[in-house]
Amino acid sequence: MIRPLLLRLAQAALVLLVMSFLVYGLMGLMPGDPIQLMAAGSPTMTAEDVARLKAVYGIDRPLVDRYWHWLAGALGGDLGFSRLSAQPVAEALGPPLRNTVALMTCSLCLALLLALPAGVAAALKAGRPLDYALNLTAFAAISLPVFWLGLVLIMIFAVGLAWLPASGVETVGDGGGGDRLRHLALPVAALALAGFGHYMRYMRSAMINALSQDWIRTARAKGLSWPQVVLGHALRNAMIPVVTILALDLGTLFSGVLVTETVFAYPGMGKLIYDAVMGNDYNLALAALMLATALTLAGSMLADLLYRLLDPRIRHA
Amino acid sequence: MRRLLRHPPAAFGAIVLLLLTALALAAQPLQALLGIDAETLDLAAQLAPASSGHPLGTDEVGRDLLARLLSGSQVSLAIGLSTALVAALLGTLVGLLAGYRGGTVDALLMRLTDGVIALPLLPLLIVLSAVDPAKLGLPAEVLRSPGGGLARTVVIIALVGWTTVARLVRAATLSVKSHEFIRAAEALGAGPARIMIRHLLPNVVSPVIVATTLSVGNIILLESALSFLGLGVQPPLPSWGNMLSGALDLLGSAPMLAVWPGLMIFLTVLSFNLVGDGLQRSLDPRRS
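Keep in mind that what you see is a predicted model, and the values were worked out from it rather than measured. (Residues numbered from 1 in each chain as written. Chains lettered and ligands numbered in written order. Predicted model: local features only at pLDDT ≥ 70, side-chain atom pairs only at ≥ 80, totals over all residues. Heavy atoms only, no water.)

## Some details on the packing of aromatic side chains
Then comes step 1: This structure, assessed with the given rule, holds one aromatic pair over all chains.
Then comes step 2: Ring centres of Phe147(A) and Phe228(B) lie 4.5 Å apart, and the angle between their planes is 20°; on these two criteria the pair is classed as stacked. Linking Phe147(A) in helix α7 (residues 146-160) with Phe228(B) in helix α11 (residues 192-228), this pair reaches from one chain into another. Here the two residues Phe147(A) and Phe228(B) agree in accessibility, since each one is buried.
Then comes step 3: The residue whose ring lies beneath Arg201(A) is Phe139(A), and the NZ or CZ to ring-centre distance is 4.6 Å. (Phe/Tyr/Trp six-rings, centres within 6.5 Å; stacked < 30°, edge-to-face > 60°. Helix = DSSP H or I, 4+ residues; strand = E, 2+ residues; numbered from the N terminus. Buried < 20%, exposed > 50% of the residue type's maximum accessible area, 1.4 Å probe, protein only. Lys NZ or Arg CZ within 6 Å of the ring centre and 35° of its normal.)

So this is what it looks like as structure tokens:
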């Protein structure tokens, strides 16, 4: 139990390290550098100023040098200074991270609340009209570009009916709980529908698989009622692969959140990563991308761990 | 094939795809026939409603919407299919090598695959798209041509999209290579390359076809998301994704600008997914 976990941790650390170097190198390949951008914005800067600033920011040194410097700082907890937002990176990350986590949690909960019962229902009625209808809905949901779904929701509920705000996290001057929820409603709905398709299909196939096992017949034979068999036996076993896939899917969910945030002008990690990459804000972009990678890795490790915990056959193997 | 068409959703998907391909191939003649084209600006007719001259109206700079949808279908289908093909080739190569060679090669390639799978897809694509290829030493005139821009999107998505096929091919190779005909071929003196291409490849190709068909839809979704963010296909070349980013600011005044490209993406991706699912069912009768 402990050894494979340690191995996974070591592997995750390695992936993070490689990713950080890769991203650092790639950022060096982007057009222009931060000082050139500054110089272009202020005509009074002289060539000496540019050279001095490059020295201050350390851009005159070779890439590998700069990377070591950054890595040493990051490992010591110093993520550097964000040039765009003019504050330490750790502080610049805080509010967008909170917004994104709120968006992800709400949409994941809503998607699961709809998808798990629907998946079970489809599996129980496999091959019948209800199954077909739910399956087609799921197929439609996974084929929708989530950002376009967002656009359509804005058109209907914000522009057409004017029930809900189209963008942002709160109304200026309000910012109460209800106001924040109203701003979350549309992006959460878009993401939840996209997630519904995936999760419902996982749940359905896991449940069909569980229901076809021999021990279902055994449970029936020893006199358990059908609801007891479905809920107590089949569902419990079907949840193992579903929970695993959910954890593995954290990365996909995060990617969906990024585009959705753009549509709704929602100030979260998506907008932050985009702005930081486009604005050559190395420190901020690196920290945000590392965070995203760490999240995806944590998801896959969680999947591994849950699989071992939930399935006694693997735990004792 | 017949089994595939007996499954109604898959048949629907196949028909839609045939129609879309025909439309994309015939885009230029069709545009000429209707007297419209995708690039002409008509600043006097911005956001014009549908009329006989412009069957679906015009966009914010007076370009014909139908003509742009047609040209966009060429771009989106070309990127979706060629990226899927490149990713499938890469994945098959990695999977065959890992599965047949085993040992250290297998361990290294599979750790690489695990690593790529663990990367956050969209953030990574954003960084890759922002890279300036000129700094990699590629000639500038190639990059500025429309073909160069498309190739760039294909390469970027294929770089992260090969992992599913690699895993499938490795698993299939492992099970095929224990068969006696492989031992026989080895005994007859066939080299590793010949065994992989002549003996293993034909036996692992059907899961590759299913996975590749299913991946086209996802690739078109990714391309449209990237183009929507301004990082994929660059205007003035129309793609369904970059048409949507123009429409975002005009939701109130010109909602149809956002409806049509999105519907096209939806229909195309849905069709690829339905056909892929149908292929999976017909190749693997156990999963019905």
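Having seen it, we continue.
## Quick look at the interface of chain B and chain A
Then comes step 1: Between chain B and chain A, the residue contacts involve 40 residues of the former and 36 residues of the latter.
Then comes step 2: Carbon and sulfur atoms supply 81% of the area that chain B and chain A bury against each other, a total of about 3,600 Å² over both sides.
Then comes step 3: Between chain B and chain A we count zero salt bridges in total.
Then comes step 4: On inspection of chain B and its partner chain A, the count reaches two residue pairs in polar contact (both at pLDDT 80 or more).
Then comes step 5: Among the elements of the structure, α5 (103-117), α6 (121-130), α11 and α13 (256-283) of chain B are those that each provide at least two residues to the side of chain B that touches chain A. (Contact = heavy atoms within 4.5 Å. Buried area = accessible area lost by both parts, 1.4 Å probe. Salt bridge = Lys/Arg side-chain N within 4 Å of Asp/Glu carboxyl O. Polar contact = N/O pair within 3.5 Å; in protein donor to acceptor, adjacent residues only side chain to side chain.)

## Side note on the domain arrangement of chain A
All names here are of chain A.
Then comes step 1: In terms of domain boundaries, chain A breaks down into domain 1 (2-89) and domain 2 (95-316).
Then comes step 2: Listed by partner, the interface residues are 29 residues for domain 1 and 22 residues for domain 2.
Then comes step 3: Between domain 1 and domain 2, roughly 2,200 Å² of surface is buried when both sides are summed, and carbon and sulfur atoms account for 71% of that area.
Then comes step 4: When the buried area of domain 1 at its contact with domain 2 is split by residue, Arg8, Leu16 and Met27 rank highest and sum to 26% of it.
Then comes step 5: For the pair domain 1 and domain 2, the number of links is zero salt bridges.
Then comes step 6: Our count for the contact surface shared by domain 1 and domain 2 stands at zero residue pairs in polar contact (both at pLDDT 80 or more).
Then comes step 7: Mapped onto the side of domain 1 that touches domain 2, the elements with two or more residues apiece are α1 (2-28), α2 (34-41), α4 (63-75) and β1 (81-82). (Domains from an automatic or database assignment.)

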